[in-house]
Amino acid sequence: MTAQADHPFVYDGGALCCEAVPLTQIAAHVGTPTYVYSKRAILAAYRRYVEALAGRSALVCYAVKANANLGVLNLLARAGSGFDIVSGGELERALAAGAAAARIVFSGVGKTEAEIGAALAAGIACFNVESAAELETIDRVARAAGRRAPISLRINPDVDPRTHQYISTGLKFSKFGIAVPEAEELYRRAARLSGIEIAGIDCHIGSQITSIDPYVEAAERVFDLVDRLGAQGVGLRHIDFGGGLGIAYRCEIAPSIEQFIAALLACADRRGHGGKTLLFEPGRSIVGNAGALLTRVQVIKAGAAKNFAIVDAGMNDLLRPALYEAWMDVQPVVLRTGEKRSFDVVGPVCESADWLARDRSLTVLAGDLLAILSAGAYGMSMASNYNSRGRPAEVIVDGDQYHLVRPRESAADLYATETVLP
Ligand code: LLP
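Note that the coordinates shown come from a computational prediction; the quantities given were computed from them, not determined experimentally.

1. Section: the pattern of salt bridges
- Counting across every chain of the model gives 24 salt bridges.
- Salt-bridge contacts for Lys111 lead to Glu134; the nearest nitrogen and oxygen are separated by 2.6 Å. Separated by 23 residues along the polypeptide, Lys111 in the loop between β7 (104–106) and α5 (113–122) and Glu134 in helix α6 (residues 132–144) bring together distant segments of the chain.
- On the basis of relative accessibility, which here comes to 6%, the residue Glu134 falls in the buried class.

2. Here we look at helix α8 (residues 213–231)
- The first and last C-alpha atoms of α8 sit 27 Å apart over 19 residues, in line with the 27 Å expected at 1.5 Å per residue.
- Pro214, Tyr215, Ala218, Ala219, Glu220, Val222, Phe223, Leu225, Val226 and Leu229 are the residues of α8 that are buried.
- Buried positions along α8 lie against β9 (149–156), α7 (180–190), β11 (196–202), β12 (238–240) and α9 (257–270).
- Two residues or fewer past α8, Gly233 is found with a positive phi of approximately 85°.

3. Describing the site of the ligand
- Close contacts around the ligand come from 19 residues, with Ser207, Glu281, Arg320, Tyr324 and Tyr378 the closest.
- The separation between an oxygen atom of the ligand and a polar side-chain atom of Tyr378 is 2.6 Å.
- For the ligand, whose free accessible area comes to 590 Å², the fraction covered by protein is 92%.
- The cavity where the ligand resides is the largest pocket.
- For the shell around the ligand, the class distribution of residues is six nonpolar, seven polar and six charged.

4. Structural notes on the sheet that holds strand β2 (residues 15–18)
- Taken together, three strands build an open sheet; the order of strands is β1-β2-β3 and the sheet is antiparallel. Because the sheet does not close on itself, it has two edges, and the strands there are β1 (9–12) and β3 (21–22).
- Inspection of the sheet shows β2 paired to β3 by two bridges, in the antiparallel sense. What sits directly across from Cys18, in β3, is Val21.

5. Overview of the packing of α8 against α9
- Here α8 crosses α9 at 25°, and the two axes come no closer than 10 Å. One finds that α8 runs roughly parallel with respect to α9. Crossing angle aside, the handedness with which α8 passes α9 is right-handed. Every residue of α9 that contacts α8 at Tyr215, Val216, Ala219, Glu220 and Phe223 is listed here: Phe260, Ala263, Leu264, Cys267, Ala268 and Arg270.

6. Structural notes on the packing of α5 against α6
- Viewed as axis vectors pointing N to C, α5 and α6 meet at an angle of 55°, and their least axial separation amounts to 10 Å. What the angle tells us is that α5 and α6 run oblique. Read as a crossing pair, α5 and α6 show a hand that is right-handed. For the pair α5 and α6, contact is made by Glu113, Ile116, Gly117 and Leu120 and by Thr137, Ile138, Arg140, Val141 and Ala142, respectively.

7. So, the nonpolar core
- Counting residues in hydrophobic clusters, the biggest one holds 104 residues, and the most contacted among them are Tyr62, Phe83, Phe127, Ile151, Ile201 and Ile286.
- A total of eight residues in this core trace back to one element, the largest contributor, which is α8.
- Beyond its immediate stretch of four places on either side in the chain, Tyr62 contacts Asn67, Val72, Leu73, Leu76, Ser81, Gly82, Phe83, Asp84, Pro282, Gly283, Ile286 and Val287.
- Residues Ile26, Ala292, Ala371 and Val395 belong to the second largest nonpolar core, which totals 18 residues.

8. Observations concerning the packing of aromatic side chains
- Inspection of every chain in the model, using the stated rule, returns eight aromatic pairs.
- Between Phe260 and Phe280 the ring centres are 5.9 Å apart and the planes differ by 75°, which places this aromatic pair in the edge-to-face class. One end of the pair, Phe260, is in helix α9; the other, Phe280, is in strand β13 (residues 277–280), with 20 residues separating them in the sequence. Phe280 matches Phe260 in its accessibility class, with the two residues each being buried.
- An aromatic cluster is defined as three or more aromatic residues linked by ring pairs; in this entry it consists of Tyr215, Phe223, Phe241, Phe260 and Phe280.
- Above the face of the Phe106 ring, Lys111 is positioned so that its terminal group lies 5.5 Å from the ring centre.
- We note Arg358 situated over the ring of Trp355; from NZ or CZ to the ring centre the distance is 3.9 Å.

9. A look at helix α4 (residues 88–96)
- Of all the positions in α4, only Gly88, Glu90, Leu91 and Ala94 are classed as buried. For α4, the angular spread of buried residues about the axis comes to 160°, placing them on one side. Along α4, exposed side chains directed more than 90 degrees from the buried face belong to Glu92 and Ala96.
- Where the residues of α4 are buried, they touch α3 (70–78), β6 (82–85), β7 and α5.
- Two to three positions downstream of the cap, the backbone nitrogen of Gly89 sits 3.3 Å from a side-chain oxygen, assigning the N-cap of α4 to Ser87.
- Gly98 occupies a position one or two residues after α4 and carries a positive phi of about 100°.

Definitions and limits used
- Residues numbered from 1 in each chain as written.
- Predicted model: local features only at pLDDT ≥ 70, side-chain atom pairs only at ≥ 80, totals over all residues.
- Heavy atoms only, no water.
- Salt bridge = Lys/Arg side-chain N within 4 Å of Asp/Glu carboxyl O.
- Helix = DSSP H or I, 4+ residues; strand = E, 2+ residues; numbered from the N terminus.
- Buried < 20%, exposed > 50% of the residue type's maximum accessible area, 1.4 Å probe, protein only.
- Expected span 1.5 Å × (residues − 1).
- Contact = heavy atoms within 4.5 Å.
- Near = heavy atom within 4 Å.
- Polar contact = N/O pair within 3.5 Å; in protein donor to acceptor, adjacent residues only side chain to side chain.
- Areas by Shrake-Rupley, 256 points an atom, 1.4 Å probe, with all protein chains shown as cover.
- 1 Å grid on protein atoms, 1.4 Å probe; cavity = no way out; pocket = protein on both sides within 12 Å on 5 of 7 lines; lining within 4 Å.
- Sits in = over half its atoms within 2 Å of the grid points.
- Nonpolar A, V, L, I, M, F, W, Y, C, P; charged D, E, K, R; others polar.
- Pairing = 2+ DSSP bridges.
- Axes fitted to C-alpha atoms, helices over the stretch in contact; angles between N-to-C directions.
- Parallel < 35°, antiparallel > 145°, perpendicular 65-115°, else oblique.
- Left-handed = near helix turned anticlockwise from the far one by under 90°.
- Core = buried A, V, L, I, M, F, W, Y, C linked by side-chain atoms within 4.5 Å.
- Phe/Tyr/Trp six-rings, centres within 6.5 Å; stacked < 30°, edge-to-face > 60°.
- Lys NZ or Arg CZ within 6 Å of the ring centre and 35° of its normal.
- Arc of directions from axis to C-beta.

Structure below.
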């Protein structure tokens, strides 16, 4: 298992627990598959950001897409977190969870007019604008509502974050952000639009980033632009560095939250912008290691070429291995003695891409529980109903208590709003 300071999943007497609750207890009462999150670990990671930014004008906007459960959002809202949203759905969720609209930033390349109108009416802090066309739309919607929309332009700094190509967003051939020369021109245009109020500048280069260098490289390019804009009389109140800090799934050495923030603060101070309000949009580094997917082995299928442990969670419940060939740590919930064999841990979905882990050395029998660790981010939030499978239940553990924060979906839930022809 990965040894992270905040890791809330630890063995006690041979049984894996989340905080002080044995996972066997959750499986017995809630069933499987179930996502289990630690309140302590979520809040500890959030507080590490806040403490690293102490004494600064700063806002941590948790990226809702990483884990959008209302219970999770509410814990963070109560702790004072802001939120980074990418849809009207995430706006509604964040508000329903108790988020302060004035601490919400809205990212994403394809905001609809309705979404822009709703966010404006709610009074969000900032729209992170991704194109010239979007700026015009926001201006129009704001003028029609008799308001001024606070905006940042999202810069595409053309920096390689050295992560999986699907989660790289700051290279020039990516659909995200605005190239620097174009952004400079667009800021001048924005300054003349009566429905627009220039609030800041934004940059997000990718996700699961395990080196600080690309962040600093991107920040330098952002500061270059901020300086040129300042010389032209375009002032900015805030700088948003996005999210993307990686976590340890296996033996990756990701920078700590403290190292990451310190590097960007040093860069901001050196460039003379450390006094501006600094925003961060972390998702994975807050919830990733705080969650696990609890699943039960249904069938052991031993073969000449491969052994399969077929579990009750599939690619619809946890898509990361199928989509990115992501490596997720699999651990037995109750340690058993006996010879280890190599297994592929796979789901019941009718796709060969439906695997969760490959070639893992395990001692496992049908009926055993397994925990897929570091599944708190982009697990449930990317789950689907493929194969008419209800999505997992979700539980938040708090010390020696746990709370069901979302029940398992039933088959009837899935077709409840569908109709047949008359
Ligand atoms: N801000 C923006 C504008 C983003 O697009 C993202 C993530 C974040 C913040 C948060 O990034 P984080 O701190 O969580 O890395 N499904 C993929 C990850 C997709 C990330 C998309 N954007 C995965 O499972 O690895």
